[in-house]
Amino acid sequence: LERDDPRDLFKTHYGKSKEGCIVKGSDRFMMIFRQVCMHLDLDAAKSKGLLVDWYPAHSQCWLSKLSKSWGNFSLLTDLTFLQPVNLIHDYFGARVAFIFAWNGFYCKALFALSFLAIIIESAGWIARRYIDAVIVEKRVVLAFSIVTVVWARLAVNMWTREQQFFLKMWDMTEDSCHEVPRP
């Protein structure tokens, strides 16, 4: 090592501290949460009136970062459905990040399917002028069923690839993304 600094050995995460920390804020919360829950049932304490409620406090710094890139009404017209998944992961943890990554992916996939549905339905509408409506309806349903099956297979393959990308980027295994309890 060039310096006698433990931050050179580990990835450094920056939150409140400018110097950084080797443990992310969401991971620190999980460590504290696990230790507290080993000795105290927070839900039972709440039901007995010992606590009013329990939840982690929000960081104003992180909330401003998230509102700039995510909680902005001007983004409603953005049809890319991009989520700031890395920011969400760093602040809320992997479980919440995967939920939003899945929602963004599914919206994009459904958006692509909607164009195919419009094309097939338009072709069926035009064909009804020249062919018997019952035959056209059967063929439109069959065509869209085939398109939906192919779309579903492609969507599953693409989501699996995206999920593997996030697991590798966040140094996780498939089982570790189910371990994160949220209040």
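What counts and what doesn't
Residues numbered from 1 in each chain as written. Predicted model: local features only at pLDDT ≥ 70, side-chain atom pairs only at ≥ 80, totals over all residues. Heavy atoms only, no water. Helix = DSSP H or I, 4+ residues; strand = E, 2+ residues; numbered from the N terminus. Buried < 20%, exposed > 50% of the residue type's maximum accessible area, 1.4 Å probe, protein only. Salt bridge = Lys/Arg side-chain N within 4 Å of Asp/Glu carboxyl O. Axes fitted to C-alpha atoms, helices over the stretch in contact; angles between N-to-C directions. Parallel < 35°, antiparallel > 145°, perpendicular 65-115°, else oblique. Left-handed = near helix turned anticlockwise from the far one by under 90°. Nonpolar A, V, L, I, M, F, W, Y, C, P; charged D, E, K, R; others polar. Patch = residues over 30% accessible without salt bridge, like charges linked within 9 Å, V, L, I, M, F, W, Y side chains within 5 Å. Areas by Shrake-Rupley, 256 points an atom, 1.4 Å probe, with all protein chains shown as cover. Core = buried A, V, L, I, M, F, W, Y, C linked by side-chain atoms within 4.5 Å. Contact = heavy atoms within 4.5 Å.

A. Inspection of the overall build of the protein at higher detail. Broken down by element type, the protein carries six helices and zero strands. Of the regular secondary structure in the protein, the N- to C-terminal order runs α-α-α-α-α-α. Each of the three principal axes of the protein carries a C-alpha extent, and together these read 80 × 55 × 35 Å. Looking at the protein as a whole, 25% of its 183 residues qualify as buried.

B. Expanded view of the pattern of salt bridges. Summed over the entire model, instances satisfying the criterion amount to three salt bridges. Its salt-bridge partner being Glu121, residue Arg128 comes within 3.4 Å of it at the nearest N-O pair. Using a relative accessible area of 40% as the deciding quantity, one classes Glu121 as partly exposed. For Arg128, the salt bridge is made with Glu137, and the minimal N-O distance between the two is 2.3 Å. Several salt bridges share partner residues, and in doing so they unite Glu121, Arg128 and Glu137 into one network.

C. Focus on the packing of helix H5 (residues 94-127) against helix H6 (residues 133-169). Closest axis-to-axis distance for the H5/H6 pair is 10 Å, and the angle between their directions is 160°. Relative to H6, H5 is oriented roughly antiparallel. The way H5 lies across H6 gives a crossing that is right-handed. Looking at the contact of H5 with H6 residue by residue, the classes come out as 23 nonpolar, two polar and two charged.

D. Highlighting a nonpolar patch on the surface. Side chains of Trp125, Ile126, Tyr130, Ile131 and Ile135 sit close together on the surface and give an oily, nonpolar patch of about 570 Å² of accessible area. With respect to the helices and strands, the residue Ile135 is situated in helix H6. By relative accessible area, Ile135 is classed as partly exposed at 36%.

E. Just unusual backbone geometry, in detail. Phi is positive for Asp171, close to 55°, though the residue is something other than glycine. Relative to the elements of secondary structure, Asp171 occurs in the segment after H6.

F. Just the nonpolar core, in detail. Val85, Ile88, Phe92, Phe98, Phe166, Trp170 and Met172 are the most contacted members of the largest nonpolar core, which totals 21 residues. Those elements giving two or more residues to this core turn out to be helix H3 (60-69), helix H4 (85-92), H5 and H6. Among the elements that make up this core, the one with the highest residue count is H5 (eight residues). When residues no more than four places from it in sequence are discounted, the contact partners of Val85 are Ala97, Ala101, Phe166 and Trp170. Among the nonpolar cores identified, the runner-up in size contains five residues, and Phe29, Met30, Phe33 and Trp54 belong to it.

Any functional reading would require information that these geometric values do not contain.
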